[in-house]
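Understanding the architecture of this molecule
Residue-level listing of the chains:
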Amino acid sequence: MRVAVIGLGYVGLTAAVCLSQAGHEVTGVEADPERLARLRELRLPFFEPGLLEGMTGALRSGRLSFAGDVREFGDPLDAAIVAVGSPQLPSGRADLSQVTAALQSLEALPLAPRLVMLKSTVPPGTSRRMLARLGPALARRYVYSPEFLSQGTAVRDWQAPARIVIGTDNKELLGEARELLRGCEAPWVVTTPTNAEMIKYAANAFLATKVSFVNEIANLCDDVGASIDDVVEGLGLDPRIGPAFLKAGVGWGGSCFPKDTRALANVAVGHRRSLPLLEAVITVNNRQPVMLLGAIHGSLQRVAEPLVAVGGLSFKAGTDDTREAPSRTMLPELIAQGYRVVAWDPLVACEVSERVFPGVTRAETFEQAAAGAHLVLVLTDAREIVGADWGAISRQMQAPKLVVDGRNCLDATFLRAVGLNYRAVGRAAS
Ligand code: UGA
């Protein structure tokens, strides 16, 4: 098929690369001239494992190209995927201007594509409203198919999804959708656009709920002298619960969970409904970094000129994305407290950390960041942090030699054996 993918963020670019690998002739459309120029120079605007190699191969094969506007196309398109951003407005509502602009650009084509698939996350009811405004040629071709790609595993998630959700009023489009997504073996959920939109928000809200739930239980474990690791093992083996997304720690962040949970809460407000469970999920998450900050302040009270080393600036390991990362809450607080802060991250570029974390010194390695520190704060379970030479780090740290493990990723027994004090979330009994 001849396919256009509009919006080359991590979803659109992953889609463009994987679709061309599946044999389609794909043009990635990116409105931001700077991003477009970078892509043409084979430079990714973000880190995503396997994507650069895939993109290079796809460009070489001639099945992938880039354009600045969908209207540059001469030949008719078989399919168009819209994967532009739907960021949050200050009011909490999703900003759909990029989605609207992308659909309008498709409407302006002399011949409508056979299939128009929206992938951007949009609040329930959005497709319905947009369909009412779209011309009939495009409306007949419209499918809402939410994406479930996680940063760090996006390519794998595209190629082997857990499910494919197709929301459409026109079941005749299923043939085109199957042709477009050939090679992605997964159960299909065929439903209405509004249901598909709801599935996306409900999935992210449920996953965020699991993490907030386990964090709440972990905090209580600390009070009652239980170990969250053992509790989670016992919980996760129940197939009705499952072990995924039960890792306690500093809380969830990133470009999806915070935005999508707030957007869902906002949708409820629009319907004069409160969602007390979702609100609590958000509140619990906001408290996690604050709780760890309290522990840090408490343990550094008597230290003159405290030096804090931070391992991991992104919202999770395996990505360079710092959007709504716990580091964004915690580092300014540490600086405001008058601590010296040295940070390290394997993927976040130095210019980004200088801009995002003013006042924080950047180290070359994790070990270098920890040298001389009174406290090490671990904010991602990056391989280099988990596998660091903790014996050497212990020898170079200063009292109280405290490691605050915001990801419950370190071996408490080993760290204590090498002379470190250790604090995590729900592991007081470990
Ligand atoms: C999430 C969803 O997992 C994807 O399915 C979805 O497509 C994507 O959002 C999106 O809406 O685009 P992502 O934001 O990349 O993907 O990250 P996750 O791996 O889901 O992690 C989210 C946050 O939860 C991270 O901060 C992570 O550290 C935290 N987390 C996750 C925990 O604290 N504990 C866990 O057990 C799991």
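The text that follows walks through the structure, step by step, so that each part is easy to find. The structure displayed is predicted, hence computed values, not measured ones.

So, about helix 2 (residues 33-40). For helix 2, the N-terminal capping position is held by Asp32, with its side-chain oxygen 3.0 Å away from the main-chain nitrogen of Glu34. After helix 2 finishes, the residue Leu42 shows a positive phi value of roughly 60°.

Before going further, it helps to examine the sheet that holds strand 12 (residues 375-378). Spatially, the six strands line up as an open sheet ordered 11-10-9-12-13-14, and their pairing is parallel. Unpaired on one side and paired on the other, strand 11 (361-362) and strand 14 (421-423) mark the two borders of the sheet. With five bridges connecting them, strand 9 (residues 307-311) and strand 10 (residues 340-344) associate as parallel partners. The residue bridging Ala309 from the neighbouring strand is Val342, located in strand 10.

Turning next to the state of the cysteines. According to the stated counting rule, one finds zero disulfides in the structure shown. Left unpaired, Cys221 is separated from the closest cysteine sulfur, that of Cys409, by 18 Å. According to the relative accessible area criterion, Cys221 is buried, its value standing at 4%.

With 54 residues, the main nonpolar core has Val5, Leu13, Leu19, Met117, Trp158 and Leu180 as its most contacted residues. Among the elements that make up this core, the one with the highest residue count is helix 1 (residues 10-21) (eight residues). Non-local contacts of Leu180, meaning those with residues more than four positions away in its chain, are made with Met1, Val3, Leu19, His24, Ala79, Ile81, Leu115 and Met117. Grouped together as the second largest cluster of nonpolar side chains are 32 residues, Ala248, Val303, Val356 and Leu375 included.

For helix 5 (residues 126-133), the full list of buried residues reads Thr126, Ser127, Met130 and Leu131. The buried residues of helix 5 occupy one face: seen down the axis, they fall within an arc of 125°. Set apart from the buried face of helix 5 by more than 90 degrees, the exposed residues are Ala132 and Arg133.

Okay, the site of the ligand next. Near the ligand there are 20 residues, and of these Glu147, Gln151, Lys200, Asn204 and Arg407 occur at the shortest range. In this structure, an oxygen atom belonging to the ligand sits 2.8 Å away from a main-chain N or O atom of Lys247. At the level of elements, helix 9 (193-224) and helix 11 (257-270) are the ones that each hand at least two residues to the shell around the ligand. Among the elements that take part in the shell around the ligand, helix 9 stands out by supplying three residues, more than any other. Broken down by class, the residue content of the shell around the ligand amounts to ten nonpolar, four polar and six charged.

Within the structure shown, the criterion is met by four aromatic pairs. The ring centre of Phe148 lies 3.5 Å from the NZ or CZ of Arg163, which sits over that ring. When the ring centre of Trp188 is taken as origin, the NZ or CZ atom of Arg178, which lies over that ring, is 4.0 Å away.

So, on to the packing of helix 9 against helix 10 (residues 228-236). Viewed as axis vectors pointing N to C, helix 9 and helix 10 meet at an angle of 135°, and their least axial separation amounts to 9 Å. Regarding the angle of helix 9 to helix 10, the classification is oblique. For the element pair helix 9 and helix 10, the recorded crossing hand is right-handed. Contacts between helix 9 and helix 10 involve Val214, Ile217, Ala218 and Cys221 from the former and Ile228, Val231 and Val232 from the latter. Taken together, the residues of the contact of helix 9 with helix 10 break down into seven nonpolar, no polar and no charged.

Moving on to the pairing of strand 1 (residues 2-6). Most of strand 1 is tucked away: five of the five residues are buried. Burial of the side chains of strand 1 extends over both faces: Arg2, Ala4 and Ile6 are buried on one face and Val3 and Val5 on the other. Judged from the five bridges that link them, strand 1 and strand 2 (residues 25-29) form a sheet pairing that is parallel. Residue Val3 lies in a different strand from strand 2, and its bridge partner there is Val26. Regarding topology, helix 1 serves as the crossover connection from strand 1 to the parallel strand 2, and that connection is right-handed. The pairing of strand 1 with strand 4 (residues 79-82) spans four bridges and is parallel. Paired with Val3 across the two strands is Ala79, which belongs to strand 4.

About the cut-offs
- Residues numbered from 1 in each chain as written.
- Predicted model: local features only at pLDDT ≥ 70, side-chain atom pairs only at ≥ 80, totals over all residues.
- Heavy atoms only, no water.
- Polar contact = N/O pair within 3.5 Å; in protein donor to acceptor, adjacent residues only side chain to side chain.
- Helix = DSSP H or I, 4+ residues; strand = E, 2+ residues; numbered from the N terminus.
- Pairing = 2+ DSSP bridges.
- Disulfide = S-S within 2.5 Å.
- Buried < 20%, exposed > 50% of the residue type's maximum accessible area, 1.4 Å probe, protein only.
- Core = buried A, V, L, I, M, F, W, Y, C linked by side-chain atoms within 4.5 Å.
- Contact = heavy atoms within 4.5 Å.
- Arc of directions from axis to C-beta.
- Near = heavy atom within 4 Å.
- Nonpolar A, V, L, I, M, F, W, Y, C, P; charged D, E, K, R; others polar.
- Phe/Tyr/Trp six-rings, centres within 6.5 Å; stacked < 30°, edge-to-face > 60°.
- Lys NZ or Arg CZ within 6 Å of the ring centre and 35° of its normal.
- Axes fitted to C-alpha atoms, helices over the stretch in contact; angles between N-to-C directions.
- Parallel < 35°, antiparallel > 145°, perpendicular 65-115°, else oblique.
- Left-handed = near helix turned anticlockwise from the far one by under 90°.
- Right-handed = clockwise from strand over helix to strand, strands pointing away.

Note that all results are geometric; they support no functional claim without further evidence.
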